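Results of the structural survey
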Amino acid sequence: MADNQKEIDEHSGVDTTGHEWDGIKELNNPLPKWWVYTFYITCIWAVLYWIAMPAIPLASSYTKGVLGYSQRQVVADEIAAANAKKAVWADRLMSTPLEKVSDDPQLMTYVMSAAGTSFGDNCATCHGTGAQGSKGYPNLNDDDWLWGGTLEEIQTTIQYGIRSEHEETRYSEMPFFVKDGLLERDQVRALAEYVLALSGEDHDAALAASAAETYEFECASCHMEDGAGDIFVGAPNLKDKIWLHGEGRDAIIKNIGYMKAGVMPAWKDRLDEATIRSLAIYVHSLGGGQ
Ligand code: HEC
Ligand code: HEC
């Protein structure tokens, strides 16, 4: 049979395509109408879409579409709207005295949620996501403060940092008593017993007593005679069993001799005032604010 000759199937009266497998012939039924129309509609839709919306890549750009839609612009608008909303809260926060913010529950809700996010972004790397701290990095949930736990004091700490590069940073330095040759190892060992005694831990009483004078002479100026510490020089309380640089006899001996004091960055030039304020309120509220 020639290719151009139609063959009609004798049972159905429909053309065949000419494809045949073991005597079974393929009928050339027309496509259903609904399918054909749907197909035409999608073709028209595609052309309209190309005209209306950004669609076809060009060498250095793309066809912008007559509607001028841009996802970038949508995102930019959304960010601008969010910033405008934020600015309203920031203004309210800045115009409320620091210690009065907690009287405004709405503002407080905003502050806690915003500060929670900024804490995660900026502070959690050092202080931990739950602000629980770790060796050398203070726990901010407890009521033990190196540099003071009032709202103002916390805000100052965040603004200027501690031993940071900011010119108004808080600064203090405990001498490296052994490294700098100020004390002999035996004296340090005795002082460690004295410090253990201050915090009510197991200690050698005779050795501790022998260090009383050295403590008064070398340590009391910062840690105070009773060991309660001094927030003006960031000297930790040695009586409260909270150890910033490690607990136990060996750690204490090492810390008296060689401890490297911690550095907390200044945030004044990195975060805006409202963010610093909200972080101060947040940290203050974590549990131990004074
Ligand atoms: C690079 C690590 C680092 C980052 C980041 C950091 N801190 Fe600190 N922070 C420290 C260290 C270390 C200290 C303790 C300094 C010392 O030993 O006196 C400290 C101390 C503090 C204190 C004083 C605690 C006290 O007992 O007086 C506060 C409050 C504080 N940080 C809040 C924050 C907040 C809020 C942020 C985020 C904006 C932050 N820190 C980010 C390292 C860091
Ligand atoms: C100039 C002030 C200053 C003097 C003097 C000083 N310290 Fe300190 N000491 C500090 C500061 C500040 C820190 C905390 C450093 C930091 O925050 O990272 C500290 C930390 C410590 C710690 C670690 C506490 C902890 O929680 O882990 C011990 C122990 C200690 N001092 C014992 C002594 C002893 C003993 C002497 C006397 C031989 C002494 N210090 C003299 C300022 C001083």
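Residues numbered from 1 in each chain as written. Chains lettered and ligands numbered in written order. Predicted model: local features only at pLDDT ≥ 70, side-chain atom pairs only at ≥ 80, totals over all residues. Heavy atoms only, no water.

As far as domains go, the chain holds domain 1 (74–160 + 277–285) and domain 2 (185–258). Distance from the C-alpha centre of domain 1 to the C-alpha centre of domain 2: 34 Å. With 12 residues of domain 1 in contact, the opposing surface of domain 2 contributes 13 residues. Buried surface at the junction of domain 1 and domain 2, both sides included, amounts to about 850 Å², of which 62% is carbon and sulfur. Joining domain 1 to domain 2, the criterion identifies zero salt bridges. Remark: the boundary between domain 1 and domain 2 carries one residue pair in polar contact (both at pLDDT 80 or more). Its residues placed into classes, the side of domain 1 that touches domain 2 shows five nonpolar, three polar and four charged. (Domains from an automatic or database assignment. Contact = heavy atoms within 4.5 Å. Buried area = accessible area lost by both parts, 1.4 Å probe. Salt bridge = Lys/Arg side-chain N within 4 Å of Asp/Glu carboxyl O. Polar contact = N/O pair within 3.5 Å; in protein donor to acceptor, adjacent residues only side chain to side chain. Nonpolar A, V, L, I, M, F, W, Y, C, P; charged D, E, K, R; others polar.)

One way to put it is that helix α3 (residues 105–122) packs onto helix α10 (residues 273–285) with a least axis distance of 8 Å and a crossing angle of 95°. The angle between the axes of α3 and α10 places the two elements in the roughly perpendicular class. Here Met108, Val111, Met112, Ala115, Gly116, Ser118 and Phe119 of α3 lie close against α10, whose contacting residues are Thr275, Ser278, Leu279, Ile281, Tyr282, Val283 and Ser285. In the contact of α3 with α10, the residues fall into nine nonpolar, five polar and no charged. (Axes fitted to C-alpha atoms, helices over the stretch in contact; angles between N-to-C directions. Helix = DSSP H or I, 4+ residues; strand = E, 2+ residues; numbered from the N terminus. Parallel < 35°, antiparallel > 145°, perpendicular 65-115°, else oblique.)

So, on to the coordination of the iron atom of ligand 2. Coordination sphere of the iron atom of ligand 2, protein contribution only: Met174 (SD) and His223 (NE2), at 2.0 to 2.1 Å. With six donor atoms in place around the iron atom of ligand 2 and angles of 88 to 179° between them, the coordination shape is octahedral. With Met174 in the loop between α5 (151–160) and α6 (185–198) and His223 in helix α8 (residues 212–223), the pair connects residues that are 49 residues apart, well separated along the chain. Residue His223 is classed as buried on the basis of its relative accessible area of 10%. (Donors = N, O, S within 2.8 Å, 3.2 Å for Na, K, Ca; no water. Tetrahedral: all angles 85-135°; square planar, octahedral: opposite > 155°, others 65-115°. Buried < 20%, exposed > 50% of the residue type's maximum accessible area, 1.4 Å probe, protein only.)

Moving on, we come to the site of ligand 2. Around ligand 2, a shell composed of 26 residues is seen, among which Met174, Cys219, Cys222, His223 and His245 lie nearest. Contact between ligand 2 and His223: a nitrogen atom at 2.8 Å from a side-chain N or O atom of the residue. His245 is positioned such that a nitrogen or oxygen atom in its side chain is 2.7 Å from an oxygen atom of ligand 2. Contributions of two or more residues to the shell around ligand 2 are made by α6 and α8. Considering each element in turn, the shell around ligand 2 owes the most residues, five residues, to α8. (Near = heavy atom within 4 Å.)

By the secondary structure assignment, Glu152 is in helix α5. Taking the relative accessible area as the measure of exposure, Glu152 reaches 47% and is therefore partly exposed. Taking the C-alpha atoms as reference points, Glu152 and Ala280, 128 residues apart in sequence, are found 7.9 Å from one another.

Two descriptors summarise a pair of aromatic rings, namely the distance from one centre to the other and the angle between the planes of the rings. Applying the stated criterion to the full structure yields six aromatic pairs. Aromatic side chains Trp89 and Tyr110 sit 5.1 Å apart centroid to centroid with 10° between the ring planes, which places their arrangement in the stacked category. Pair noted here: Trp89 is in helix α2 (residues 71–94) and Tyr110 is in helix α3, with a separation of 21 residues, a long-range link. Following the ring pairs from residue to residue traces out a cluster consisting of Trp35, Phe39 and Tyr40. The ring centre of Tyr62 lies 4.5 Å from the NZ or CZ of Lys64, which sits over that ring. (Phe/Tyr/Trp six-rings, centres within 6.5 Å; stacked < 30°, edge-to-face > 60°. Lys NZ or Arg CZ within 6 Å of the ring centre and 35° of its normal.)

Near ligand 1 there are 25 residues, and of these Cys123, Cys126, His127, Leu146 and Met264 occur at the shortest range. Within the side chain of His127, one N or O atom sits 2.8 Å away from a nitrogen atom of ligand 1. Measuring from an oxygen atom of ligand 1, one finds a side-chain N or O atom of Trp147 at 2.9 Å. Every element with two or more residues in the shell around ligand 1 is listed here: α4 (124–127), α5 and α10. For the shell around ligand 1, the element with the most residues is α5, which contributes three residues. Here the residues of the shell around ligand 1 are counted per class, giving 18 nonpolar, five polar and two charged.

A few words now on the pattern of salt bridges. Per the counting criterion, the structure on display carries five salt bridges. Asp186 is the salt-bridge partner of Arg189, the closest N and O atoms lying 3.3 Å from each other. Residue Arg189 and its partner Asp186 are both found in helix α6; the two are separated by three residues, about one turn of the helix. Across the salt bridge formed by Glu193 and Arg249, the nearest N and O atoms sit 2.6 Å from each other. One end of the pair, Glu193, is in helix α6; the other, Arg249, is in helix α9 (residues 249–258), and 56 residues separate them in sequence. Residue Arg249 is classed as partly exposed on the basis of its relative accessible area of 36%.

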